Amino acid sequence: MPELPEVETIRRGLLPVMEGQVISTLTLRRAGLRWPFPEGMAEQVSGAKVLLLRRRAKYILADLDRGTTLLFHMGMSGRILIDGAAPDDRQHTRTTPQKHDHAIFDMDNGARITFNDARRFGMLDLFATESAAQQSLLSTLGPEPLGNDLHADWLIERFANRRSPIKTALLDQRIIAGLGNIYVSEALWRAKIHPETAIGVLRPDQIETLVRDIRAVLAEAIAAGGSSLRDYRQTDGELGYFQHAFAVYDRATSPCPRHGCTGQIVRLVQAGRSSYFCPTCQPRG
DNA sequence: ATGGGGGCCTGCCGGC
DNA sequence: TGCCGGCAGGCCCCCA
């Protein structure tokens, strides 16, 4: 799926057509994605004004003027595309729905926002804004890695005496919210930490370095508009381009790009997911 | 308690 | 050309 940088890029793309704007009609083209949509969601959203468009982890949250919040999650293959926003936009690629277009937001400002998701691991939900913090999808999330919520001291404490491999710990949204398979591999490479290292043996200085590298790789990816491998697109249909900056992800057998390192990138499967790393400059902890 | 595996879906790519 | 296995930016659930 889109990880944090891709979701943030999508949010920024939606801002000008959604925030402060009225949804004239929400059209649902199936009964649900991962789960059934809430009863009456289309009616409750149609006519509502979006007060604020925010992001939490990999979720986009639209607070509506009816005391409700609309939640988007892109799953693995979800896309959001905007048509007809600008007066000179003659593309209108979505004048007729395409395959896997599941939800269509027609805005008062003329924009059409389409949620497309081939694999249907994505989510659309609606709940009372005041209950958002208790919402089951959001309540267990850990700190945001960007901003001021993530502290190395907290991670050092959280990791003490635990044996879980750092790769799987960083994918755990309860520990840090928003990382996914790409940026975990990239951050571990930057921090020179082997993905199988038990979190309990990491030194405090390694964890401090890791926090800095997580922040840096996410910020750089956002600046590049995210990474496009298969499904991900920005809301204008454009590709992100951070994939060109990957050091290790999907680069098995390539030479390690670290200056002075002569190692070769290796693919490893952990908990059913691919990890990529350089055995030479990411020694076992 | 927590770490790993299976399942959810569709699409694409490579090998035979 | 077609079929089949493997793989994919995620997350929930169940089991040891």
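About the criteria used
Residues numbered from 1 in each chain as written. Chains lettered and ligands numbered in written order. Predicted model: local features only at pLDDT ≥ 70, side-chain atom pairs only at ≥ 80, totals over all residues. Heavy atoms only, no water. Helix = DSSP H or I, 4+ residues; strand = E, 2+ residues; numbered from the N terminus. Buried < 20%, exposed > 50% of the residue type's maximum accessible area, 1.4 Å probe, protein only. Contact = heavy atoms within 4.5 Å. Areas by Shrake-Rupley, 256 points an atom, 1.4 Å probe, with all protein chains shown as cover. Pairing = 2+ DSSP bridges. Polar contact = N/O pair within 3.5 Å; in protein donor to acceptor, adjacent residues only side chain to side chain.

Draft legend 1. Fine view of the overall build of chain A. Within chain A, the secondary structure is distributed over seven helices and ten strands. If you line up chain A on its principal axes, its C-alpha atoms span 55 × 40 × 30 Å. Taken over 285 residues, chain A has a buried fraction of 53%. In chain A, the share of contacts with a sequence separation of at least 24, taken over all contacts with a separation of at least 6, comes to 64%. Here chain A has roughly 13000 Å² of accessible surface; of this, 48% comes from carbon and sulfur atoms.

Draft legend 2. Structural view of the pairing of strand S3 (residues 59–64). By the criterion of burial, S3 is predominantly enclosed, with six of the six residues buried. Residues Tyr59, Leu61 and Asp63 point to one face of S3 and Ile60, Ala62 and Leu64 to the other, with burial holding for every one of them. Of the pairings in the sheet, the one linking strand S2 (residues 50–56) to S3 comprises six bridges and is antiparallel in character. Along S3, the bridge assignment pairs Arg54 with Leu61. In textbook terms, the turn of a hairpin is the stretch between consecutive antiparallel strands, and for S2 and S3 this stretch comprises two residues, one of which, Ala57, has a positive phi near 55 degrees. As paired elements, S3 and strand S4 (residues 68–73) share five bridges and run antiparallel to each other. Paired with Ala62 across the bridge in S4 is Leu70.

Draft legend 3. Looking closely at the environment of Ser275. Within the secondary structure, Ser275 is located in strand S10 (residues 273–277). You can call Ser275 buried: its relative accessible area is 1%. In sequence terms Ser275 and Tyr249 are 26 residues apart; their C-alpha atoms lie 7.5 Å from each other. Non-local contacts of Ser275, meaning those with residues more than four positions away in its chain, are made with Lys167, Ser185, Pro195, Val266, Arg267, Leu268 and Gln270. Only 2.8 Å separates the side chain of Ser275 from the side chain of Lys167, close enough to count as a polar contact.

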